[in-house]
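# Architecture and fold: a report
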Amino acid sequence: MARIVVTGGAGFLGSNLVRALLDRGDEVVVLDNLLTGSESNIEELFSHQHFTFKKHDVSNHIWVPGPVDAVMHLASPASPVDFERIPIQILEVGSLGTLNCLGLAREKGAKFFLNSTSEVYGDPLVHPQPETYWGNVNPNGPRSVYDEAKRFAEALTLAYHRHHGVDVRIVRTFNTYGPLMRPDDGRVVSNFITQALRGEPLTVYGDGTQTRSFCYVTDQIDGQLALLDSDYVLPVNIGNDKEFTMLELAEHVVAITNSSGGVVHEPLPKDDPMQRRPDLDVANRELGWSPKVPLREGLEKTTAYFATVLGL
Ligand code: UDP
């Protein structure tokens, strides 16, 4: 049993990860300022004897009493709508937050795990994206607050590894969806499903030919735990390598929900990546991990979750 600090543990990925850690017998301390995370994602865990929650903004100094075996830094708003709404907080948590988490890991002699992102590849010119690709990021566009913060966080993490000998792991998380996502998160899967359940038209940005590769959350968490437990210190892509256009995604959601609202096209956001698909060779080779849940099955489960949450 390990004692693990999870920042952002009340968010979508974090609250799924925390459940998986508790299930395998670990003790978990969650730090979250609830800016985009939600107490409702974790309140059923408050009575768990191995669970502690502290409301805290990790961009400020972190203090955790007692021994710590690993610090998993997931805290960050991650939806493109947040990039416009709270850009400074995103830059702070990616930079100062990562610095504070690395400092905590160093002080405790703990492993440090950074949740990075496929956004480090920007609007990629290499397809699919291997970890060796340096990316194509606009350094001052609207997405840069997230992309550059995560690129900085990766640089800082490996500097702490090389300079201070901190044992580190870096996951590059590709588009992930599933239960405990916010209905108003603003990303495409939650938008399409909640719109379809309400009988509203699905908002397809641009002509809908842009692609993403969607990973169901249980696969994502299995991959992240495999990385945590491995010895591999360089970044690893974790995602699903089946690629779909947004029009294809809309078709799946319409078929699952029997929605009659149709689709409506809205403008494509600036710097929206045209294509994205992980190269999973490193994850396969180093972790023996590959995704299992097909898109249709994951969308059906996620639709059932949103229908319950929204009472529809
Ligand atoms: N998108 C869309 N309709 C929406 C929300 C997003 O067509 O209501 C598109 C968006 O333009 C992008 C893709 O879906 O091409 C994925 O967007 P998301 O915000 O989910 O994540 P991203 O991968 O861009 O961070």
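Residues numbered from 1 in each chain as written. Predicted model: local features only at pLDDT ≥ 70, side-chain atom pairs only at ≥ 80, totals over all residues. Heavy atoms only, no water.

## A short note on the sheet that holds strand β2 (residues 27–32)
An order of β3-β2-β1-β4-β5-β6-β11 is seen for the seven strands of this open sheet, with the pairing classed as parallel. Only two strands of the sheet have a single neighbouring strand rather than two, namely β3 (51–55) and β11 (235–238). Going across the sheet, the axis of each strand differs from the next one's by a mean of 20 degrees, ignoring polarity. Along the sheet, helix α4 (residues 144–164) contacts β5 (111–117), β6 (168–173) and β11; its crossing angle with β5, the most-contacted strand, is approximately 155 degrees. (Pairing = 2+ DSSP bridges. Helix = DSSP H or I, 4+ residues; strand = E, 2+ residues; numbered from the N terminus. Axes fitted to C-alpha atoms, helices over the stretch in contact; angles between N-to-C directions. Contact = heavy atoms within 4.5 Å.)

## A few points about the environment of His252
One can find His252 in helix α7 (residues 246–257). Along the primary structure His252 and Phe192 are separated by 60 residues, whereas in three dimensions their C-alpha atoms are 9.9 Å apart. Leave out the neighbours within four places in its chain, and His252 touches Phe244, Leu295, Arg296 and Leu299.

## Section: the nonpolar core
Residues Val6 and Met72 are the most contacted members of the largest nonpolar core, which totals 53 residues. Other than its neighbours up to four places away in sequence, Val6 contacts Leu17, Val18, Leu21, Val28, Val29, Val30, Leu31, Met72 and Leu74. In terms of nonpolar packing, the next biggest core, distinct from the first, is built from 24 residues, Val29, Val71, Val93 and Cys101 among them. (Core = buried A, V, L, I, M, F, W, Y, C linked by side-chain atoms within 4.5 Å. Buried < 20%, exposed > 50% of the residue type's maximum accessible area, 1.4 Å probe, protein only.)

## Describing the site of the ligand
Around the ligand, the surrounding shell holds 18 residues, and the nearest of these are Val188, Thr203, Arg212, Asp272 and Arg276. Between an oxygen atom of the ligand and a side-chain N or O atom of Arg143, the distance comes to 3.0 Å. Going through the elements one at a time, α5 (188–197) and β8 (202–205) are the ones with two or more residues in the shell around the ligand. Of the residues that constitute the shell around the ligand, the class distribution is seven nonpolar, five polar and six charged. (Near = heavy atom within 4 Å. Polar contact = N/O pair within 3.5 Å; in protein donor to acceptor, adjacent residues only side chain to side chain. Nonpolar A, V, L, I, M, F, W, Y, C, P; charged D, E, K, R; others polar.)

## Observations regarding the packing of α5 against helix α9 (residues 295–310)
Orientation of α5 relative to α9, taken along the N-to-C sense of each, is 60 degrees, at an axis distance of 10 Å. Between α5 and α9, the interaxial angle falls into the category oblique. α9 is crossed by α5, and the crossing has right-handed handedness. Contacts between α5 and α9 involve Val189, Ser190, Ile193, Thr194 and Leu197 from the former and Leu299, Thr302, Thr303, Phe306, Ala307 and Leu310 from the latter. Looking at the contact of α5 with α9 residue by residue, the class counts come to seven nonpolar, four polar and no charged. (Parallel < 35°, antiparallel > 145°, perpendicular 65-115°, else oblique. Left-handed = near helix turned anticlockwise from the far one by under 90°.)

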